[in-house]
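What follows is the residue order along each chain.
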Amino acid sequence: MGKYLMLWTLNRSLLPIDPHERGQGFAALMAFVAQDIEVGLTKDWGCFVGEGNGYCVVEGSEVDISKMIQQYSPFCEFATHPIASFDQMTEVIRSI
């Protein structure tokens, strides 16, 4: 099971102009985030204040992460970066 830093960006071209509709859309996306946190897939999540993007730290298989990403499509785009832990990097350094 891998750990990943995911940087997400809202697809602003799909956001409703009406604030009420936009709020409903954001609420739906946040319900997905809450569900991902509840099942343990998302370990940390945040939004960069005043921006339409943020980050999450997730842990799971490539299939788990790919399934998670699909529920946010096409409203969010992700850049995904695998993370090596301190212990993993210590092991790498010891092997040099």
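Attention here is on the structure that accompanies the text. No experiment lies behind these values; they were computed from the predicted model shown. (Residues numbered from 1 in each chain as written. Predicted model: local features only at pLDDT ≥ 70, side-chain atom pairs only at ≥ 80, totals over all residues. Heavy atoms only, no water.)

### As for the packing of helix α1 (residues 19-38) against helix α2 (residues 62-72)
Two numbers describe a pair of packed helices, the interaxial angle and the distance between the axes.
Then, number 1: It is at 10 Å that the axes of α1 and α2 come closest, and there the two elements cross at 160°. Accordingly, the angle class assigned to the pair α1 and α2 is roughly antiparallel. As for how α1 packs across α2, the hand of that crossing is right-handed. Each of L29, F32, V33 and D36 in α1 lies in contact with α2, whose residues at this interface are M68, Q71 and Y72. (Axes fitted to C-alpha atoms, helices over the stretch in contact; angles between N-to-C directions. Helix = DSSP H or I, 4+ residues; strand = E, 2+ residues; numbered from the N terminus. Parallel < 35°, antiparallel > 145°, perpendicular 65-115°, else oblique. Left-handed = near helix turned anticlockwise from the far one by under 90°. Contact = heavy atoms within 4.5 Å.)

### Concerning the packing of aromatic side chains
Then, number 1: Per the counting criterion, the structure on display carries four aromatic pairs.
Then, number 2: Between F32 and Y72, the ring centres sit 5.8 Å apart and the planes meet at 80°, which makes this aromatic pair edge-to-face. Of the two residues, F32 sits in helix α1 while Y72 sits in helix α2, which places them 40 residues apart along the sequence. (Phe/Tyr/Trp six-rings, centres within 6.5 Å; stacked < 30°, edge-to-face > 60°.)

### A few points about the nonpolar core
Then, number 1: Counting residues in hydrophobic clusters, the biggest one holds 13 residues, and the most contacted among them are M6, V58, I65, M68 and Y72.
Then, number 2: Secondary structure elements with two or more residues in this core: β1 (2-10), α1, β3 (53-60) and α2.
Then, number 3: Counting residues per element, this core draws most heavily on β1, which supplies four residues.
Then, number 4: Excluding residues that lie within four positions of it along the chain, M68 makes contacts with M6, D36, L41, T42 and V58. (Core = buried A, V, L, I, M, F, W, Y, C linked by side-chain atoms within 4.5 Å. Buried < 20%, exposed > 50% of the residue type's maximum accessible area, 1.4 Å probe, protein only.)

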